[in-house]
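Examining the three-dimensional arrangement
One letter stands for each residue in the lines below.
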Amino acid sequence: MFHALVGIKQVPDTTSIRIDPETNNLIREGVPTILNPYDAHAVAAAVEWKRKLGGKVTIITMGPPAAVSALRECVEMGADRGILVSDRRFSGADTLATSYVLAEAIRHIHSLEPIQMIFFGKQAIDGDTAQVGPGVAVRLDLPLVTYAVNIREVNMQDGFALVERRTESRNEVVKAGFPLLLTCEKDIAQIPYASLPDLVKSLRYEPEMWTADTPVTYDAAQIGLKGSPTMVFKTGTPEKHSGGEVIKSAEVGVETAVKMALDKILSIESLASVLGAQK
Amino acid sequence: MTRRFWVFIEQEDGKAHPVAWELLGVARRLAGEVKDELTKSGDTAVVEGILVGQDVEALAQEAIRYGADRVYLVDAPPFKHYLNKPYTSALTTLVKKYSPEVFLVGASTLGRDLAGSVATSLRTGLTADCTQLDMGVARDSVKKLLLATRPAFGGNVIATIICKNHQPQMATVRPRVFNAPQPDPNAKGEVLREEIEITPEMVNAQIVEFITNADSSVKLEYADVIVSGGRGLGGPKGFELIKELADELGGVVGSSRGCVDAGWIKYDHQIGQTGKTVRPKLYIAAGISGAIQHKVGMQDSDFILAINRDPHAPIFDIATLGIVGDLYEVIPALIKQVRAMKETRK
């Protein structure tokens, strides 16, 4: 049986975060939380292969109790089981402490129901670090395929997968044995429309709640703030810029506005030479 | 004691990624920032490059010209192409042997894959996508620490991260965030060969095929001219006009995140916090409102020309020059005038 595991994160929708212009503070009220978009595509890929091969998709996340809604969203997409690892002692975790918590949880799941493929999104949109997936792979000593764009083959018989990943200069097709860990680009799979049974199931779905003590007993020195080598020293807001001249085309006419802009650009020597307009 | 400032010299097919040179410049500056501590303690500070590959020794010399005092070279067949585990193993072994204080890696696709793995296997801290790096005392530290500053929450917040009790203090930096130093043709340095044993079980993945990706030719980070489109284009067809202007100016096409999310253009073109960081000589932003997440990726461009219908669009706050108007009138006029200019110069 094909058993896929997907690690997900519930994140604030960073596109709707605003800064209070008076206080320069982050306005957190009313900012909706969403399933990290890359993770949603990772879940879609896992479900797609479960449907092809027959099997099961387990979702795991570390987060506050409210992250239940992100797990429900995964069930709506066709996942079978959701686990929320949640404990106050985990709070303040950086990527190293987070990868410890997830890796040990995955090790436990795998010991009871062997996993062939582990999926993560390529990064979460709140921190953008892209470090947790690789961290889990290292801790579990698994083959790692980052920036996966296409799963070409999952070979249950011989125990390997062929995965296409995107690098800066080309794509590579990587062959790796089970279990392997992928971090996924959005191209990996389309988000499916929920089927009615999955939708109904998700509405009432109560994920399993795991803590720092059970079923995995975590080492207190490796979790939360204590287990996090990095710490925030200070925070601030990005420096404000003041813009330059603005030409209103409605007032001077489009042709004149463009001519003024082009003249200004070409008056700068380095730009004129780039544009091949040097005299 | 030697305080080592390390830079990973990323290469592919024997060609260095320019971010390695940019980081050598940063490492040199950081080593200089602890100078006052050196005179007191009698320590020395050195900048060292870590180069892994096959037949890449020429790059070690290049690294020296860009400021490395010493290069540790791992040059063997298992390292011909980048593979996570062998490379992670090589870097982890070298770190354990030499105990660098700071380790900088480019936040390229390869560098992010590698840095996260190396930091985890060393159980140390890693700060991704830094936009500013300094050495300074923090939280009563005995020595100066790496102060790693990066945007968070989509660029709405700037956070300075420290890693006080673990070494090396690791950071990744995206290409083009810093300028590369001028190479010194007379620079002297040392190349030390390192042997790393790679057993067959350490090769847990293999590349079975390379596919040339036409879109990967989009080298936004190092382009001199970028013409970018945003949601104001109204649809994917708008990028045809953007491309026409870019071609006319010898530039490449960029995009805001909105257009990529809407499926109008591929991710490779995305500029901003979750895309690429660029600093071209000329950046033309057409129909881009200028959300913070976009601005952090392009605000260091030399000249920003913004075209937007909304006079209150935040893009005008960072634009060198703005035109308030309909991009479907302004850009065709711009194309026409650039063509006319070229004709007269012939």
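Calculation rules
Residues numbered from 1 in each chain as written. Chains lettered and ligands numbered in written order. Predicted model: local features only at pLDDT ≥ 70, side-chain atom pairs only at ≥ 80, totals over all residues. Pairing = 2+ DSSP bridges. Helix = DSSP H or I, 4+ residues; strand = E, 2+ residues; numbered from the N terminus. Axes fitted to C-alpha atoms, helices over the stretch in contact; angles between N-to-C directions. Buried ≥ 20, exposed ≤ 12 C-beta atoms within 10 Å, placed from the backbone. Domains from an automatic or database assignment. Contact = placed C-beta atoms within 7 Å. Core = buried A, V, L, I, M, F, W, Y, C linked by C-beta atoms within 7 Å. Nonpolar A, V, L, I, M, F, W, Y, C, P; charged D, E, K, R; others polar.

1. So, the sheet that holds strand S14 (residues 225–229) of chain B
Sheet architecture is open: 6 strands sit in the order S15(A)-S18(B)-S17(B)-S16(B)-S14(B)-S15(B), paired in parallel fashion. The sheet terminates laterally at strand S15 (245–248) of chain A together with strand S15 (252–255) of chain B, the two strands that pair on one side only. Shown here is a sheet whose adjacent strand axes are inclined to one another by a mean of 20°, direction ignored. Relative to S15 of chain B, S14 of chain B runs parallel, the two sharing 4 bridges. When the bridges of S15 of chain B are listed, Gly229 of chain B appears paired with Ser255 of chain B.

2. Examining the environment of Glu239 of chain A
All names here are of chain A. Along the chain, Glu239 turns up in the loop between strand S14 (231–236) and S15. Note on Glu239: 7 C-beta atoms within 10 Å, which makes it exposed. Linking Glu239 and Leu203, residues 36 residues apart in sequence, is a C-alpha distance of 44 Å.

3. Description of the sheet that holds strand S6 (residues 55–62) of chain A
Strand order in the open sheet made by the 10 strands is S13(A)-S7(A)-S6(A)-S1(A)-S8(A)-S12(A)-S9(A)-S10(A)-S11(A)-S13(B), with mixed pairing throughout. The open sheet has two edge strands, strand S13 (208–210) of chain A together with strand S13 (205–212) of chain B, and neither has a second partner. Between one strand and the next, the sheet's axes are offset by a mean angle of 30°, whatever the strand orientation. Here 3 bridges tie strand S9 (residues 144–155) of chain A to strand S12 (residues 180–184) of chain A, and the two strands are oriented parallel to one another. Bridging from a neighbouring strand, Val145 of chain A pairs with Leu182 of chain A of S12 of chain A.

4. Details of the domain arrangement of chain B
All names here are of chain B. For chain B, the assigned domains read domain 1 (2–202) and domain 2 (214–345). The centre of domain 1, based on its C-alpha atoms, is set 33 Å off from the matching centre of domain 2. With 9 residues of domain 1 at the interface, the matching set in domain 2 holds 9 residues.

5. What to know about helix H2 (residues 68–76) of chain A
Residues and elements named next belong to chain A. With 7 of its 9 residues buried, H2 lies for the most part within the structure. Residues Ala70, Leu71, Arg72, Glu73, Cys74, Val75 and Glu76 constitute the buried set of H2. The first or second residue beyond H2 is Gly78, which carries a positive phi of 120°.

6. A short note on the nonpolar core
Counting 138 residues, the largest nonpolar core has Val43, Val101 and Phe119 of chain A together with Leu104 of chain B as the members making the most contacts within it. Residue contacts for Leu104 of chain B: discarding those within four places in its chain leaves Trp6, Val7, Leu23, Val26, Ala27, Ala171 and Val173 of chain B. Counting residues in hydrophobic clusters, the runner-up holds 52 residues, among them Val225, Ala285, Ile288 and Ile307 of chain B.

7. Here we look at the interface of chain B and chain A
At the interface, 80 residues of chain B touch 74 residues of chain A. Along the lines of polarity and charge, the residues of the side of chain B that touches chain A split into 36 nonpolar, 31 polar and 13 charged.

8. Let's talk about helix H4 (residues 132–140) of chain A
Every α-helical turn comprises 3.6 residues, leaving residues that sit three or four positions apart pointing alike. Burial of H4 of chain A is extensive: 8 of the 9 residues sit out of reach of the surface. Downstream of H4 of chain A by a residue or two, Asp141 of chain A has a phi angle that is positive, lying close to 55°.

9. Looking at unusual backbone geometry
All names here are of chain A. Here the residue pair Phe178 and Pro179 is connected by a cis peptide bond, since its omega of -20° sits within 30 degrees of zero. In this structure, Pro215 follows Thr214 across a cis peptide bond, with omega equal to 0°. Position of Pro215 relative to the elements: it lies in the loop between S13 and S14. Phi at Tyr147 is positive, roughly 55°, even though this residue is not glycine. Within the secondary structure layout, Tyr147 lies in strand S9.

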